[in-house]
Amino acid sequence: MHDLSAPKVLSGLSDTRFRHIEVHATLGSTQTLLVAEGGKDGRVVVADHQSAGRGRAGRSWLDVPGAMLMFSALLRDVPIERAPLVSLAAGLAVARAIGDDARLKWPNDVRIGGRKVCGVLGEAAADFVVIGVGVNVGHAEGDLPAELEATSLRIARGEAPPRDELLVAILRELDAIVGSDFLDEYRTRCETIGSRVRVELADGSYEGVAEAVADDGSLIVDGKPVVAGDVVHVR
Ligand code: BTN
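Residues numbered from 1 in each chain as written. Predicted model: local features only at pLDDT ≥ 70, side-chain atom pairs only at ≥ 80, totals over all residues. Heavy atoms only, no water.

1. Quick notes on the nonpolar core
Membership of the largest hydrophobic core comes to 56 residues, with the highest contact counts inside it found for Leu-69, Val-135 and Tyr-186. Here this core gets 11 residues from one element, more than from any other, and that element is helix α3 (residues 83-98). Two domains each put at least three residues into this core: domain 1 (6-189) and domain 2 (196-233). Here Val-135 is in contact with Ala-67, Met-68, Leu-69, Val-94, Ile-98, Val-117, Cys-118, Leu-153, Leu-166 and Ile-170, once residues within four sequence places are set aside. (Core = buried A, V, L, I, M, F, W, Y, C linked by side-chain atoms within 4.5 Å. Buried < 20%, exposed > 50% of the residue type's maximum accessible area, 1.4 Å probe, protein only. Helix = DSSP H or I, 4+ residues; strand = E, 2+ residues; numbered from the N terminus. Domains from an automatic or database assignment. Contact = heavy atoms within 4.5 Å.)

2. Details of the domain arrangement of the protein
Splitting the protein by domain gives domain 1 (6-189) and domain 2 (196-233). Between domain 1 and domain 2, the residue contacts involve 12 residues of the former and 14 residues of the latter. Interface area for domain 1 against domain 2, summed over the two sides, is near 1000 Å², with a carbon-plus-sulfur share of 51%. Taken as a group, Lys-105, Trp-106 and Arg-187 account for 58% of the area that domain 1 buries against domain 2, more than any other trio of residues on that side. For the pair domain 1 and domain 2, the number of links is 3 salt bridges. (Buried area = accessible area lost by both parts, 1.4 Å probe. Salt bridge = Lys/Arg side-chain N within 4 Å of Asp/Glu carboxyl O.)

3. What about the sheet that holds strand β8 (residues 196-201)?
Sheet architecture is open: 5 strands sit in the order β11-β10-β9-β8-β12, paired in antiparallel fashion. Each end of this open sheet is capped by a strand with a single partner; those strands are β11 (224-226) and β12 (230-233). The average angle at which neighbouring strand axes cross in this sheet is 50°, direction not considered. In the sheet, β8 pairs with strand β9 (residues 204-213) via 6 bridges, with the strands oriented antiparallel. Each residue of the ladder has a partner; that of Arg-196, found in β9, is Val-209. (Pairing = 2+ DSSP bridges. Axes fitted to C-alpha atoms, helices over the stretch in contact; angles between N-to-C directions.)

4. Looking at the layout of surface pockets
Roughly 1100 Å³ of internal volume is contained in the largest pocket. For the largest pocket, the lining is made up of 43 residues, of which Arg-59, Trp-61, Asp-109, Lys-116 and Leu-148 are closest to its centre. Mapped onto the lining of the largest pocket, the elements with two or more residues apiece are α2 (30-37), β3 (68-75), β5 (109-112), β6 (115-124), β7 (129-136) and β12. Here the lining of the largest pocket is built from residues that sort into 15 nonpolar, 14 polar and 14 charged. Residues lining the lining of the largest pocket come from more than one domain, with at least three contributed by each of domain 1 (6-189) and domain 2 (196-233). If you add up the space inside the second largest pocket, you get close to 410 Å³. Every residue lining the second largest pocket is counted, 21 residues in all, and those nearest its centre are Arg-56, Pro-84, Ser-87, Val-227 and Ala-228. Within the lining of the second largest pocket, the residues separate by chemical class into 11 nonpolar, 6 polar and 4 charged. Shared between two domains, the lining of the second largest pocket holds at least three residues of each, these being domain 1 (6-189) and domain 2 (196-233). (1 Å grid on protein atoms, 1.4 Å probe; cavity = no way out; pocket = protein on both sides within 12 Å on 5 of 7 lines; lining within 4 Å. Points joined across faces, edges and corners; volume = space filled by probe spheres on them. Nonpolar A, V, L, I, M, F, W, Y, C, P; charged D, E, K, R; others polar.)

5. As for the site of the ligand
Taken together, 20 residues lie near the ligand, and Ser-29, Gln-50, Arg-54, Arg-56 and Lys-116 sit nearest. Between the ligand and Gln-50, the relevant distance is 2.9 Å, taken from a nitrogen atom to a side-chain nitrogen or oxygen of the residue. In this structure, an oxygen atom belonging to the ligand sits 2.7 Å away from a main-chain N or O atom of Arg-56. Of the pockets mapped on this structure, the ligand occupies the largest pocket. At the level of secondary structure, the elements contributing two or more residues to the shell around the ligand comprise α2, β3, β6 and β7. The element that contributes the greatest number of residues to the shell around the ligand is β6, accounting for 4 residues. (Near = heavy atom within 4 Å. Polar contact = N/O pair within 3.5 Å; in protein donor to acceptor, adjacent residues only side chain to side chain. Sits in = over half its atoms within 2 Å of the grid points.)

6. Topic: unusual backbone geometry
Following Trp-106, the chain continues into Pro-107 via a peptide bond in cis, with omega recorded as 0°. The backbone phi angle of Ala-57 is positive, close to 55°, even though this residue is not glycine. Take Ala-57: it is sitting in the loop between β2 (43-50) and β3. The class for Ala-57 is exposed, based on a relative accessible area of 66%. Although it is not a glycine, Asp-77 sits at a positive phi angle of roughly 60°. With respect to the helices, strands and loops of the structure, Asp-77 is situated in the loop between β3 and α3. Overall, Asp-77 belongs to the exposed group, its relative accessible area being 74%.

Right, here's the structure in full:
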């Protein structure tokens, strides 16, 4: 917790929409809490450890206490059709904050060297959007099961950045990106475009070539849009 100081985070965000920061030692899930409670635009809930963390597609999200930056941020005034774009914007914000070598796997995994370093979960409630972000910061090699094909900033960079500084950097980028026309930069960073992918849906899967990311944020695979669902890069 020593590197998760709410006053330090607040002072770095005073000129952004993210000015309501709560830091918890342990929570069920920052995401579940914000979706259930709502709150002001720019409310951010951070946890050092989650006992019931949630990932995309109904998966659970496990953490090593102290090793991960985990937070959820609430945004109001987002038109419903832009909600998927906000979650793409969050992936781009993390990539910018991490560095030039960070790449995006559609829709919003952030990867370094083909290994996942951050996951983003976007959810729309009645009149707000909640963006949940989990970044692997301080894990050593043995902390991450090989089958996850994941990495951490410590593994990739040799040292873990202070989580409060990383949080400020991500939220400053998100504040700048969210209302802007960011898709060309997203596409430049997106390593899914041009890759052969398997699209996994609730009722089956199919393979094709990911050709583009459309203006609504969907992935175009063999000419057809994929709006929801997971894609796996096929080697
Ligand atoms: C993914 O499946 O890749 C998305 C993972 C999102 C995890 C973050 S951690 C903070 C927030 N709270 C949660 O329960 N989930 C998100």
